[in-house]
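Analysis of the macromolecular model
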Amino acid sequence: MTAILHRQPRQSLPVAVGGDGPYVIDSNGKRYLDASGGAAVSCLGHSHKAVVEAIKAQLDQLPYAHTGFFANRPSEELGEHLVARAPGDLSKVYFVSGGSEANETAMKLARQYFYEKGEPQRRHFIARRQSYHGNTLGALSIGGNPGRRAVYEPILLPANHVSPCFAYREKPAAESEAAYAQRLADELDAKIRELGPETVIGFVAETVVGATLGAVEPVPGYLKHIREVCDRHGVLLILDEIMSGMGRTGHLFACEEDGIAPDILTCAKGLGAGYQPVGACLLSGAIHDTIVGGSGAFQHGFTYIGHATACAGALEVQRTIEREGLLDRVRHQGALLRQGLEERFGNHPHVGDIRGRGLFIGVELVEDRATKQPFDPSHRLFARIKAQAMDHGLMCYPNGGTVDGQAGDHVLLAPPFIIGEQQVQEILDRLEGAVQGPCMRSEWLHDHNSGGLGSTDPGGGPKRRAQDEGRSPPCSDHARRAGRDGTGLPQGRRQPAAPACARRCGTP
């Protein structure tokens, strides 16, 4: 038994006890190649000595001092490091403990800016469908993923959503990328006019969409058009780079590749690489000066903002990225991984799209390549692939609801920046085993008696029953042969229990 309310309480997880570069090691000694950085976090892997030593040194000197009483050197130095490299007029920074806090901070900062400016009637945020900006109520309110919002809808703040820049799904073949970008910008312009430009605070978007869509990058020119629309109406542009920033795409700030700068930019995950919880909200000088010249104080705060130890760790992470030339490495290894994915999966009957930037790559899975028809969401294909990948010693980040918050499956890859060519090949081999393996065999996809994909079993099949009972799910070699009673044999032909499956699926 555990005293913890885990993310999936019915699921039994391996226990992580060690790290070795890009590998995580469990209590049984099994090694898992971390091809997703957890959730695009562990950009330096799990045992970077310089970062660990920087954190230890700061703990010896000063672990924490409340920012209501003191400033501290690590946060000041990290702030200087970031703003010196930030695009445009992003000249100030506010440190928090993670991505949700960073986006919550951005929303409140933007609101207070207009309040101090004498425009208190501004109250609307516009974001995009199929976006994700965090789990706190404000951040969840502007997020556009119906599946994540559903339970909490009655207590969310009002928000407005326009179309995402999702060319694979939403750009007709006959439409050029330039025309598509302009159409989306016109849609934002129309939404602002509908609400009344004088009432809109900001437009919030992920530079490269992460968990919800799977590394969807904007088409060329899109963000420049969006910047123009925001400027036209005096609306702030807020870019969420929680996942895509801090080098993940091969640029320290992902929007650099698009040639624009926002008014507010948020980052987290790769900022501290998982060695300490830390996030940041960068803001323009104009926003800072308006607040300082007005009330003189930002009406906001958390207990651990500007945490000395967290900032010391993050500073060494960022110095390491620069010192070891890891942005170039991300671009090189990302191109190698992308090429390998195209070779392995480019003609796969159930792979619809391979996309992304740098070491931030998504693979979208479809039932029919020609029509882009997704699998039935009740099949939970993404969860099957995650389980198969873990069985193969691979951590990847599959997700569902890619199309509309309910239907659609993709796999997100975001490995550490330090991976070599050997690890790139390992990712390809192990992912191929997970996707080409049992969970994607046609007999698994279409065997209605298996309780697998396409199941008519009202109990959800052996995999779902295993999850409900807290067991590991059966592998497809068992589930594929299972009768409607889920015993592994047709009804009426049961045999004595055999030893556990060699695949360690938990089914005799």
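Here, the structure is the one placed above.
No experiment lies behind these values; they were computed from the predicted model shown.

**Concerning the overall build of the protein chain**
When helices and strands are counted, the protein chain shows 17 helices and 15 strands. Counting all 508 residues of the protein chain, 54% fall into the buried class. When the accessible surface of the protein chain is split by element, carbon and sulfur atoms take 51% of a total near 21,600 Å².

**Structural notes on a nonpolar patch on the surface**
Where nonpolar side chains cluster on the molecular surface, the patch consists of Leu137, Val151, Tyr152 and Ile155 and spans about 410 Å² of accessible area. Of note, Ile155 is situated in the loop between helix 6 (146–149) and strand 6 (160–162).

**Here's the deal with the layout of surface pockets**
In this structure, the second largest pocket spans a volume of roughly 740 Å³. For the second largest pocket, the lining is made up of 26 residues, of which Lys92, Val93, Tyr94, Phe95 and His288 are closest to its centre. If you list the elements that add at least two residues to the lining of the second largest pocket, you get helix 3 (73–85), strand 4 (90–96) and helix 10 (285–292). Grouping the amino acids of the lining of the second largest pocket by side-chain chemistry returns 13 nonpolar, 10 polar and 3 charged.

**Quick word on the pattern of salt bridges**
Scanning all chains against the criterion turns up 26 salt bridges. A salt bridge links Glu119 to Arg122; the nearest nitrogen and oxygen atoms lie 2.6 Å apart. Given the relative accessible area of 16%, Glu119 is considered buried. Arg122 gets classed as buried once you look at its relative accessible area, which sits at 6%. Residue Glu153 pairs with Arg149 through a salt bridge whose shortest N-O separation is 2.7 Å. For Glu153, a relative accessible area of 38% corresponds to the partly exposed category. Look at Arg149 and you get buried, because its relative accessible area is 11%. Among the charged side chains, a network of salt bridges with common partners joins Arg169, Asp353, Arg355 and Glu364.

**Quick look at helix 10**
Here helix 10 has its buried residues at Gly285, Ile287 and Ile291. Buried residues in helix 10, looked at end-on, bunch into an arc of 165 degrees, giving them a common side. Residues of helix 10 that are buried sit in contact with strand 4, helix 4 (99–116), strand 8 (236–241), strand 9 (264–267) and strand 10 (279–284).

**A few points about the sheet that holds strand 1 (residues 16–20)**
Judged by pairing direction, the sheet is mixed, and its 4 strands sit side by side in the order 1-2-3-13 without closing on themselves. Looking at strand neighbours, the two that pair on one side only are strand 1 and strand 13 (394–395), the edges of this open sheet. Looking at chain direction, strand 1 and strand 2 (residues 23–26) are connected through 4 bridges and run antiparallel. Its bridge partner lying in strand 2, Gly18 is registered against Ile25. Packing of helix 14 (residues 421–436) onto the sheet brings it into contact with strand 2, strand 3 (31–34) and strand 13, and relative to strand 3 it is tilted by some 105 degrees.

**Structural notes on empty space enclosed by the protein**
Over the atoms, a rolled probe matching the size of one water molecule traces out where space is still vacant. In this structure the tally under the stated criterion is 2 cavities of 30 Å³ or more. Within this model, the largest cavity holds a volume of roughly 50 Å³. Around the largest cavity sit Arg128, Cys165, Glu206, Thr207, Val209, Val216, Glu217, Pro218, Tyr222 and Leu223, which together line it. When its residues are assigned to classes, the lining of the largest cavity shows 6 nonpolar, 1 polar and 3 charged.

**Digging into the nonpolar core**
Phe203, Tyr222, Leu271 and Leu282 are the most contacted members of the largest nonpolar core, which has 48 residues in total. Among the elements that make up this core, the one with the highest residue count is helix 8 (residues 177–195) (7 residues). Grouped together as the second largest cluster of nonpolar side chains are 38 residues, Ala35, Ala389, Cys396 and Val435 included.

**Description of helix 3**
Relative to the 18 Å expected for 13 residues at 1.5 Å per residue, helix 3 spans 19 Å between its end C-alpha atoms, a close match to the ideal helical length. Where helix 3 is buried, its residues meet helix 2 (49–61), strand 4, strand 10 and helix 11 (308–323). Its side-chain oxygen at 2.9 Å from the backbone nitrogen of Ser75, Asn72 defines the N-terminal cap of helix 3.

**Observations concerning the environment of Phe114**
Relative to the elements of secondary structure, Phe114 occurs in helix 4. On the basis of relative accessible area, Phe114 is assigned to the buried category, the value being 1%. Phe114 sits 121 residues away from Val235 along the chain, and the two C-alpha atoms are 9.9 Å apart. For Phe114, the residues in contact, after removing those within four places along its chain, are Glu119, Pro120, Arg122, Ile201, Gly234 and Leu236.

**Here's the deal with unusual backbone geometry**
Not every positive phi belongs to a glycine, and Met246 is a case in point at roughly 60 degrees. Tracing the chain through its elements places Met246 in the loop between strand 8 and strand 9. At Ala273, a residue that is not glycine, the phi angle is positive and equals roughly 60 degrees. You can see Ala273 is positioned in the loop between strand 9 and strand 10. A relative accessible area of 1% means that Ala273 is categorised as buried.

What counts, and at which threshold
Position numbers for residues count from 1 along each chain, tracking the sequence in the order it is written. In keeping with the predicted nature of the model, local features appear solely for residues at pLDDT of at least 70, side-chain atom pairs appear and are counted solely at 80 or more, and the whole-chain, interface and lining totals rest on all residues. To obtain the side-chain values, all non-hydrogen atoms of the structure were included, while hydrogens and water were left out. A helix here means a DSSP run of H or I that spans at least four residues, while a strand means a run of E at least two residues long, and both kinds are numbered starting from the N terminus. Using a 1.4 Å probe on the protein chains alone, a residue whose accessible area is under 20% of its type maximum counts as buried, one over 50% counts as exposed, and one in between counts as partly exposed. Here the open area of atoms and residues is found with the Shrake-Rupley method and a 1.4 Å probe, where only the protein chains shown may cover a residue. Put simply, a patch holds well-exposed residues, over 30% relative accessible area, that have no salt bridge, with like charges counted together within 9 Å and Val, Leu, Ile, Met, Phe, Trp or Tyr side chains within 5 Å. A pairing counts as a salt bridge when a side-chain nitrogen of Lys or Arg comes within 4 Å of a carboxyl oxygen of Asp or Glu. Buried and open spaces are told apart on a 1 Å grid over the protein atoms alone, a cavity being a set of points where a 1.4 Å probe fits but cannot get out and a pocket being an open set with protein on both sides within 12 Å along at least five of seven lines. Residues with an atom within 4 Å of a point are the lining residues. Grid points are joined across faces, edges and corners, and a volume is the space filled by probe spheres set on the points. Residues were grouped as follows: Ala, Val, Leu, Ile, Met, Phe, Trp, Tyr, Cys and Pro as nonpolar; Asp, Glu, Lys and Arg as charged; and all remaining residues, including Gly, as polar. Working note: the arc is built from the helix axis to C-beta atom directions. Any pair of residues with heavy atoms lying within 4.5 Å of one another is described as a contacting pair. Here a strand pair is declared whenever DSSP counts at least two bridges between the two strands. Under this scheme, a helix contributes an axis fitted over its contacting stretch, all axes are lines through C-alpha atoms, and angles between N-to-C directions fall in the 0 to 180 degree range. The criterion is simple. A nonpolar core is a set of buried Ala, Val, Leu, Ile, Met, Phe, Trp, Tyr and Cys residues joined through side-chain atoms within 4.5 Å. Every helix has an expected span of 1.5 Å times one less than the residues it contains. For this analysis, a polar contact is any N or O atom pair within 3.5 Å, provided that within protein one partner can donate a hydrogen and the other can accept it, and provided that sequence-adjacent residues contribute only side-chain to side-chain pairs.

Take it as geometry only, folks, not as evidence of what the structure does.
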